[in-house]
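Fold and geometry: a report
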Number of protein chains: 2
Amino acid sequence: MQQRLTDYARLIVEVGANVQAGQTVLVAASVDSACFARLIAEKAYDAGAREVVTRFYDEQLKRMHFLRADAAVFDEVARWVPEFYNEYAEKGAALISITAADPELLLGVDPDRIQRSNISTGTALKGFYDKQMSNAFPWTIAAIPSEAWAKKVFPDLPPAEAVERLWDAIFTAVHVGAGDPVVVWREKIKTMDTRAAALNAHRFQKLRYKNSLGTDLTLTLPEEHLWTACGEEAGTGQVFVANMPTEEIFVLPDKRGTEGVVCASMPLSLNGNLVEDIKLTFEGGKIVKAEASKGLEHLEKELDIDEGARYLGEIALVPYRSPISEMGILFYNTLFDENASCHLAFGKAYPKFRDMAERTEEELLVRGMNDSLVHVDFMIGTADLEITGMTEDGREVAVFRDGNFAEGFGV
Amino acid sequence: MQQRLTDYARLIVEVGANVQAGQTVLVAASVDSACFARLIAEKAYDAGAREVVTRFYDEQLKRMHFLRADAAVFDEVARWVPEFYNEYAEKGAALISITAADPELLLGVDPDRIQRSNISTGTALKGFYDKQMSNAFPWTIAAIPSEAWAKKVFPDLPPAEAVERLWDAIFTAVHVGAGDPVVVWREKIKTMDTRAAALNAHRFQKLRYKNSLGTDLTLTLPEEHLWTACGEEAGTGQVFVANMPTEEIFVLPDKRGTEGVVCASMPLSLNGNLVEDIKLTFEGGKIVKAEASKGLEHLEKELDIDEGARYLGEIALVPYRSPISEMGILFYNTLFDENASCHLAFGKAYPKFRDMAERTEEELLVRGMNDSLVHVDFMIGTADLEITGMTEDGREVAVFRDGNFAEGFGV
């Protein structure tokens, strides 16, 4: 176990954030993850970090805050909060987030409080999130178990065993336990880059999604869009991996060109509440109807945050036979579930264009890049998902068949 | 145990910080104290707190920082740090610090790094500490055990038992376990105020300290000085108790009027290192010679931080028969040891004057109030300590005899 923990921490530091000598490292972790945060700090110093700054939070206090604080606080953000994030962004610090979230942390909390908090925090941190989503600095998100999370994933096991099983699942998902994971990941980045290149070669104009769940959706890709895999380059020049695990190749849509219906294939933990059986109907790019069998009020609140929340910001392709999917575990955690399944996100887009460097933000918005305070991934992959690409010259290309990449897009 | 924990948390909130309805509460706690921090937050919300903000730190990461960070960071303070504290000070927030410090946390760390960090942090937070020491907002410091601390106090016990014993000792020191501690403390504040009044009635000009340890010291009290007990009034109007436990009556000296020699009677945990057998020689108020059998380099570094570090800033009277002293435990923690023993502090003074409200800071400095980036208490009480007061009209009054208050100053 200790060896796997150490390997995992080293992987997060060396491949995830790819910490460079002399770089400041900012770690965000829950107080219950303090042991692992210390291991991350150790590995960061081993990598030559100038300084490791850790911001600890506590989920139980977060819940108490949402339940008991004065209602007015949800419209406010302390001045020091954006100062904090902007200062480390300016320094080009590497940001490492360790999550261990309880999927239903905010069950029973007034959705209005959550929405107001998301609006005020999102607005105060807009500049920071813009920098993060355009990779001004390297950042990575990885997970470790918490008891609350493990109990949700393995409800029939005793807590300690559930935690152990979740550790095993996480290690499997991030390729820890079979040789040097740093080497495994460097190889993986290359393989996934090849797949992204195959998608880019087609310069698709549209993608049509269909499956037996009821999805019948047409997406439009913007001019000069760039399918991207896990190895991204930060403004600081270092190649980093934003999510661990990762199995996706992703791009942004032209926000105006989404038509039809999409049905989610997994529950979504949204703002500490589960939303199940999501069904979204699009017209002219906009979500004009949102349905869910559970947690609809949380979904509606999120979609009402701003105009951009009702448009898509991400298209991600993940084979149904992905290593994570094959574990057959529902993680109730987007970091894992989104890498077991094709997914979309509504809200702000990651700016992924071939000619990024020469374009202004305004030019990208004109191409249909979406902006919003929110960015919410939701899973739509199924065993029978078919995705067909349409090229500029009118050809149709099978991209997904039977839930997996079709021929020509790698194994 | 749960009842005592709850009582203790309620005591800290209701008497220590005396949290008012609608007030913001800032809690500082180590990640290992998260459970207790949650209890504090609960009690603070029960008291009507508007919002509880918790800042968690980790001692092991602090040690790693001092050992491994780039040397240049010790001369810097991130901009958000003073922003953070100043923002809550401006709001009149109640500040609750939960300490659980390892007395030798920074053993083996280069004292130069510690000194530089103290200078840069002290300078960046000078405005905040000035506000705190003049009680612009209510603040309180209380302790809970950590394993590292408990092992130092009870080195012969197994760790779990040592922690349990330390809990018992803490509960005894803060009067938890015998009736409603809030009621006990309200009574205690009254008793101690009576003792402070008795001292104030004499308007002493000088105090002479003598004991068999080698102490032979004369202290000078400034014009209009005000002996103060534990119930202090904050700028926000609420009466709070800055330290829990507390057994001291304290005042500030005229910094220029200290002459002679004082010998410490207990080890001092200073910047995460133990300093033992401290002996200080004063001329014209200034420490001209510092001696110690252990840790002298840490003491010297602290005294060299600025000019004011070599002058006294506090005189505190605690009977040798104080409830804490009678436990016969050396806590290696100033919060406890200083309340088992008469003590002095070198460095910045708490401004304690009868006519505070009508005086400017400049006028108080002219009276001999000391200013510095540091404030370090050290224990000097012994079973044979004699303190004699000299009044304006030349009378000598026995203040302490055989280590305890002389007749006329209460039991």
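These figures come from a predicted structure and were not determined experimentally. (Residues numbered from 1 in each chain as written. Chains lettered and ligands numbered in written order. Predicted model: local features only at pLDDT ≥ 70, side-chain atom pairs only at ≥ 80, totals over all residues. Heavy atoms only, no water.)

**Notes on the sheet that holds strand E6 (residues 216–220) of chain A**
All names here are of chain A. Basically, it comes down to this: Pairing between strands is defined by DSSP: at least two bridges between them are needed. Think of it this way: any DSSP run of H or I at least four residues long counts as a helix, any run of E at least two long counts as a strand, and we number them from the N terminus. Here, two residues are considered to be in contact whenever any of their heavy atoms come within 4.5 Å of each other. Only C-alpha atoms enter the line fits that serve as axes; for helices the fit covers just the stretch in contact. Angles between N-to-C directions range over 0 to 180 degrees.
Taken in spatial order, the 8 strands of this open sheet run E14-E13-E10-E6-E5-E18-E19-E20, and their pairing is antiparallel. With partners counted over all chains shown, the strands left at the sheet margins are strand E14 (286–291) and strand E20 (404–405), one partner each. In this sheet, E14 lies alongside strand E13 (residues 279–283) in antiparallel orientation, the contact comprising 5 bridges. Residue phenylalanine 282 lies in a different strand from E14, and its bridge partner there is isoleucine 287. Each of E13 and E14 is contacted by helix H10 (residues 296–303), which is oriented at about 165° to E14, the strand it contacts most.

**As for the pattern of salt bridges**
As a reminder of what qualifies: Note on definitions: salt bridges are taken to be side-chain nitrogens of Lys or Arg within 4 Å of carboxyl oxygens of Asp or Glu. The buried label applies to any residue whose accessible area, calculated with a 1.4 Å probe on protein chains only, is under 20% of its type's maximum; exposed applies above 50%, and partly exposed to all values in between.
One pass over the full model with this rule turns up 69 salt bridges over all chains. The residue A:Glu291 makes a salt bridge to A:Lys289 at a minimum N-O spacing of 3.9 Å. Taking the relative accessible area as the measure of exposure, A:Lys289 reaches 45% and is therefore partly exposed. Put simply, B:Glu396 and B:Arg208 hold a salt bridge, and the shortest N to O gap is 3.8 Å. Of the two residues, B:Glu396 sits in strand E19 (residues 396–401) while B:Arg208 sits in strand E5 (residues 204–210), which places them 188 residues apart along the sequence. Owing to a relative accessible area of 28%, B:Arg208 belongs among the partly exposed residues under this scheme. Beyond isolated ion pairs, a larger network of salt bridges with shared partners links A:Asp75, A:Asp112, A:Arg116 and A:Lys301.

**Observations regarding the pairing of strand E1 (residues 24–30) of chain A**
Two faces, one strand: in a regular strand the side chains alternate between the faces of the sheet. Residue and element names in this part refer to chain A. Our working rule: With the strands pointing away from the viewer, any crossover whose connection runs clockwise from the first strand over the helix to the second is right-handed.
The element E1 is largely enclosed, with a buried count of 7 among its 7 residues. Side chains Thr24, Leu26, Ala28 and Ser30 project from E1 onto one buried face, and the interleaved Val25, Val27 and Ala29 project onto a second face that is buried too. Viewed along the sheet, the connection from E1 through helix H2 (residues 34–46) into strand E2 (residues 51–57) turns out right-handed. Inspection of the sheet shows E1 paired to strand E3 (residues 94–99) by 4 bridges, in the parallel sense. By the bridge assignment, leucine 26 is partnered in E3 with leucine 95.

**As for the packing of aromatic side chains**
In this description, an aromatic ring pair is defined by two values, namely the gap between the centres and the angle between the planes. All names here are of chain A. For clarity, the cut-off: Only rings of Phe, Tyr and Trp enter the pairing, Trp through its six-membered ring, and a pair is recorded when the two centres are within 6.5 Å. The plane angle decides the type: under 30 degrees is stacked, over 60 is edge-to-face, the rest tilted. Charge-over-ring contacts are defined here by two conditions on Lys NZ or Arg CZ: a distance within 6 Å of the ring centre and an angle within 35 degrees of the ring normal.
One pass over the structure, following the stated rule, counts 42 aromatic pairs over all chains. Note on tryptophan 80 and phenylalanine 84: the rings are 6.2 Å apart at their centroids and 90° apart in plane angle, and the pair reads as edge-to-face. Of this pair, tryptophan 80 and phenylalanine 84 both sit in helix H4 (residues 80–90), separated by 4 residues, roughly a single helical turn. Per residue, the accessibility class of tryptophan 80 equals that of phenylalanine 84, and both read buried. Between arginine 55 and the ring centre of phenylalanine 84, over which it is positioned, the NZ or CZ distance is 5.6 Å.

**Examining the side chain of B:Thr220**
All names here are of chain B. Stated precisely, the cut-off is as follows: N or O atoms closer than or at 3.5 Å make up a polar contact, with two conditions inside protein: a donor-capable atom paired with an acceptor-capable one, and, for residues adjacent in sequence, both atoms drawn from side chains.
You can see threonine 220 is positioned in strand E6 (residues 216–220). There is a polar contact of 2.8 Å between the side chain of threonine 220 and the side chain of lysine 206. Of note is the side chain of threonine 220, whose polar atom sits 2.6 Å from the backbone oxygen of glycine 257. Among residues more than four places away in sequence, those in contact with threonine 220 are Gln205, Lys206, Pro253, Asp254 and Gly257.

**Looking at the state of the cysteines**
Heads up, the rule is: By definition, disulfides here are pairs of cysteine sulfur atoms that lie within 2.5 Å.
On inspection of all chains with the given rule, the structure shows 0 disulfides over all chains. Its sulfur unpaired, A:Cys35 is 14 Å from the next cysteine sulfur, which belongs to B:Cys35. A residue is classified by how much of its surface remains accessible, and A:Cys35, at 60% relative accessible area, is exposed. In this model A:Cys230 remains outside any disulfide bridge; the closest cysteine sulfur is found in A:Cys342, 16 Å from its own.

**Description of the interface of chain A and chain B**
The extent of an interface is frequently quoted as the accessible surface area lost upon association of the parts. We apply this condition: Buried surface area refers to the total accessible area, computed with a probe of radius 1.4 Å, that the two partners give up upon joining, counted for both partners together.
Taken together, the contact between chain A and chain B spans 32 residues of the former and 32 residues of the latter. Here chain A packs against chain B, burying approximately 3,200 Å² in sum over the two surfaces, 53% of which is carbon and sulfur. It is A:Arg38, A:Arg50 and A:Trp80 in chain A that bury the most area against chain B; as a group they hold 22% of the surface buried on that side. Summed over the shared surface of chain A and chain B, the number is 12 salt bridges. Elements with a minimum of two residues in the side of chain A that touches chain B: H2, E2, helix H3 (59–68) and H4 of chain A. Element by element, the count of residues in the side of chain A that touches chain B is highest for H2(A), at 7 residues.

**Some points on the relation of the copies chain A and chain B**
Note the threshold: Superposition of the copies used a least-squares fit over C-alpha atoms from residues whose pLDDT is at least 70 in both.
Here chain A sits on chain B after a turn of 180° about the axis and a move of 0.0 Å along it, with an RMSD of 0.0 Å. The symmetry that links the two subunits is that of a two-fold axis. With an isologous cut-off of 70% or more, the 100% of interface residues of chain A that recur at the interface of chain B puts this contact in the isologous class.

**Re the nonpolar core**
Note the following rule: Remark: nonpolar core denotes a set of buried residues (Ala, Val, Leu, Ile, Met, Phe, Trp, Tyr, Cys) joined through side-chain atoms within 4.5 Å.
Judged by nonpolar contacts, the single largest core of 236 residues is most densely connected at A:Tyr8, A:Phe36, A:Tyr209, B:Tyr8, B:Phe36 and B:Tyr209. In contact with B:Tyr8, not counting residues within four places along its chain, are B:Phe36, B:Ala142, B:Ala143, B:Ile144, B:Trp167, B:Ile170, B:Phe171, B:Val174 and B:Val176. Of all hydrophobic cores here, the second largest spans 44 residues; its members include A:Phe240, B:Tyr88, B:Phe137 and B:Trp139.

**Examining the packing of helix H5 (residues 111–124) of chain B against helix H10 (residues 296–303) of chain B**
Residue and element names in this part refer to chain B. Applied cut-off: For classification, angles of less than 35 degrees are called roughly parallel, those exceeding 145 degrees roughly antiparallel, those between 65 and 115 degrees roughly perpendicular, and all remaining angles oblique. Left-handed is the label given to a crossing in which the near helix is rotated counterclockwise from the far helix by less than a right angle, and right-handed is the label when the rotation is clockwise. Polarity classes work like this: nonpolar for Ala, Val, Leu, Ile, Met, Phe, Trp, Tyr, Cys and Pro, charged for Asp, Glu, Lys and Arg, and polar for all others, with Gly in that last group.
Between H5 and H10, the least distance of the axes is 10 Å, while the angle of their chain directions is 25°. In this view, H5 runs roughly parallel relative to H10, as classed from their interaxial angle. Judged by the twist between their axes, the crossing of H5 over H10 is right-handed. Touching Pro111, Asp112, Ile114, Gln115 and Asn118 of H5 are Glu297, His298, Lys301 and Glu302, all from H10. Looking at the contact of H5 with H10, its residues break down into 2 nonpolar, 3 polar and 4 charged.

**Digging into unusual backbone geometry**
Going from A:Met244 to A:Pro245, the amide bond is cis rather than trans, its omega being 5°. Within the element layout of this structure, A:Pro245 appears in the loop between strand E8 (239–241) and strand E9 (249–251). Although it is not a glycine, A:His175 sits at a positive phi angle of roughly 60°. Inspection of the secondary structure puts A:His175 in the loop between helix H8 (159–173) and helix H9 (181–202). Positive phi outside glycine occurs at B:Asn135, with the angle close to 60°. Locating B:Asn135 in the fold gives a position in the loop between helix H6 (126–133) and strand E4 (139–143). By relative accessible area, B:Asn135 is classed as buried at 5%.

**Focus: H3(A)**
Note that an α-helix has 3.6 residues per turn; residues three or four places apart therefore point the same way. Within H3(A) the residues assigned to the buried category are A:Glu59, A:Leu61, A:Met64, A:His65 and A:Phe66. Among the structural elements, E2 and helix H5 (111–124) of chain A together with helix H2 (34–46) and strand E2 (51–57) of chain B are those in contact with the buried residues of H3(A).

**Considering helix H6 (residues 126–133) of chain A**
Residues and elements named next belong to chain A. To keep it simple, the criterion reads: Here the arc refers to the set of directions running from the helix axis out to each C-beta atom.
All of the buried residues along H6 are Phe128, Gln132 and Met133. The buried residues of H6 occupy an angular sector of 125° when projected down its axis, which confines them to one face. For H6, the elements touching its buried residues are H4, E3, strand E4 (139–143) and strand E17 (375–379). Asparagine 135 sits one or two residues past H6 and shows a positive phi near 60°.

**Observations regarding the sheet that holds strand E16 (residues 343–347) of chain A**
The pairing of strands in a sheet happens through backbone hydrogen bonds and is either parallel or antiparallel. Residue and element names in this part refer to chain A. Strand order across the open sheet formed by 4 strands is E9-E15-E16-E17, with antiparallel pairing between neighbours. Edge positions in the sheet fall to E9 and E17, since each of these pairs with one other strand and no more. Strand-to-strand twist in this sheet, taken as the mean axis angle between neighbours without regard to direction, amounts to 20°. Pairing between E16 and E17: 5 bridges, direction antiparallel.

**Some remarks on the packing of helix H1 (residues 2–16) of chain B against H2(B)**
Think of two packed helices as two axes; the pair is described by the angle between the axes and how far apart they sit. All names here are of chain B. One can describe the packing of H1 onto H2 by two numbers: an axis separation of 9 Å at closest approach and a directional angle of 55°. Looking at the two axes, H1 sits oblique to H2. Classified by chirality, the crossing of H2 by H1 is right-handed. Note on element contacts: H2 touches H1 through Phe36, Leu39, Ile40, Lys43 and Ala44, opposite Gln2, Leu5, Thr6, Tyr8, Ala9, Arg10, Ile12 and Val13. Residue composition of the contact of H1 with H2, by class: 9 nonpolar, 2 polar and 2 charged.

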